[in-house]
Amino acid sequence: LCFSDMVIVDELNGRIVRYYMAHYFSPWMLRLGWMPPHPTTFLFKSLFDEFGLYSTSYKIAGDYDFYVRIFYGRKINWTYLNRVTVKMNRGGLSNSGMASKKLIAQEITRSLRLNNVRSTPVLRWGRYLIRILELLARPGKDVCR
C-alpha cells in the first residue's frame, strides 16, 4: 500500500484551502479517526481480496473502515510517497455541514467498535486538531502547477 499528499482547492479561484498531509501517518492515528487521504492510495488487489471491499453500510466512512480493517487486521507493508498526487475541489458529503460531521463521528465510532479497536470520544476529537494544522500548512511552491 502506498499513499501521498493531497490538496483541496476552491473551485472558483483555485486557491488551496487544505493541504492534506500524510507524511506523519501511523496506524495508531486511526484511533483518532484520522487516516491518510484515500484518493491518493495505491494498493494491491490482494488486500481487497483479503479484507473485502469498502462497506456500503457506511454513508461517509467506508474508506475509513477499510483502513481500520487492513491496518488492524494484520501488519501491512506500506509507504509514503513524498509528493502531492491529487488536487481536488472542496466539497463532498463528508464536508457538507454539521449533520455530516455528526454522521461521520458516529460511523468512525461504529467502525472502531466493530473492529475491536480501542478509542475514546476525547481521543477522536484529536482529528480536528490535525485538520486545523492542515488548514494552516501549505505545500511547496512548485506543487499543483
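Structural notes, computed from the coordinates. (Residues numbered from 1 in each chain as written. Predicted model: local features only at pLDDT ≥ 70, side-chain atom pairs only at ≥ 80, totals over all residues. Heavy atoms only, no water.)

Thoughts on the overall build of the protein
Logical step 1: Scanning the protein from N- to C-terminus turns up five helices and three strands.
Logical step 2: The helix and strand sequence of the protein, counted from the amino end, reads β-β-α-α-β-α-α-α.
Logical step 3: Over its C-alpha atoms the protein spans a radius of gyration of 15 Å, differing by no more than 12% from the 15 Å that the globule rule assigns to 145 residues.
Logical step 4: Look at the contacts in the protein between residues 6 or more apart in sequence, and 70% of them connect residues 24 or more apart. (Helix = DSSP H or I, 4+ residues; strand = E, 2+ residues; numbered from the N terminus. Rg over C-alpha atoms; globule rule 2.2 N^0.38 Å. Contact = heavy atoms within 4.5 Å.)

Here's the deal with the side chain of T41
Logical step 1: Assignment of secondary structure puts T41 in the loop between strand 2 (16-20) and helix 1 (45-51).
Logical step 2: Among the polar contacts listed, one links the side chain of T41 to the side chain of Y67, at a separation of 2.3 Å.
Logical step 3: Excluding its chain neighbours within four sequence positions, the residues that come into contact with T41 are L1, C2, F3 and Y67. (Polar contact = N/O pair within 3.5 Å; in protein donor to acceptor, adjacent residues only side chain to side chain.)

Observations concerning the layout of surface pockets
Logical step 1: Empty space within the second largest pocket amounts to approximately 200 Å³.
Logical step 2: Considering the residues around the second largest pocket, the lining is formed by M98, K101, K102, A105, T109, P121, R124, W125, R127 and Y128.
Logical step 3: When residues of the lining of the second largest pocket are traced back to their parent elements, those giving at least two are helix 3 (98-114), helix 4 (121-124) and helix 5 (126-136).
Logical step 4: Within the lining of the second largest pocket, the residues separate by chemical class into five nonpolar, one polar and four charged. (1 Å grid on protein atoms, 1.4 Å probe; cavity = no way out; pocket = protein on both sides within 12 Å on 5 of 7 lines; lining within 4 Å. Points joined across faces, edges and corners; volume = space filled by probe spheres on them. Nonpolar A, V, L, I, M, F, W, Y, C, P; charged D, E, K, R; others polar.)

Considerations on the pairing of strand 1 (residues 2-9)
Logical step 1: Burial runs high along strand 1: eight of the eight residues are buried.
Logical step 2: By the bridge criterion, eight bridges tie strand 1 to strand 3 (residues 79-89) in an arrangement that is parallel. Bridge pairing in strand 3 places V7 opposite K87.
Logical step 3: Where strand 1 meets strand 2, four bridges bridge the pair, whose relative direction is antiparallel. In the sheet register, M6 faces strand 2, and the bridge partner there is Y20.
Logical step 4: In sequence, strand 1 turns back onto strand 2 through a hairpin of six residues, with G14 there showing a positive phi of about 75 degrees. (Buried < 20%, exposed > 50% of the residue type's maximum accessible area, 1.4 Å probe, protein only. Pairing = 2+ DSSP bridges.)

Focus: the nonpolar core
Logical step 1: Grouped together as the largest cluster of nonpolar side chains are 31 residues, with contacts concentrated most on L1, L30, W34, Y64, I70, F71 and I76.
Logical step 2: Within the residue set of this core, elements represented by two or more residues are strand 1, strand 2, helix 1, helix 2 (62-73) and helix 3.
Logical step 3: Per-element accounting of this core gives the leading share, six residues, to helix 2.
Logical step 4: For Y64, the residues in contact, after removing those within four places along its chain, are L30, G33, W34, M35, I108, S111 and L112.
Logical step 5: If you look at the next biggest cluster of nonpolar residues, it comprises seven residues, including V7, Y19, V84 and A137. (Core = buried A, V, L, I, M, F, W, Y, C linked by side-chain atoms within 4.5 Å.)

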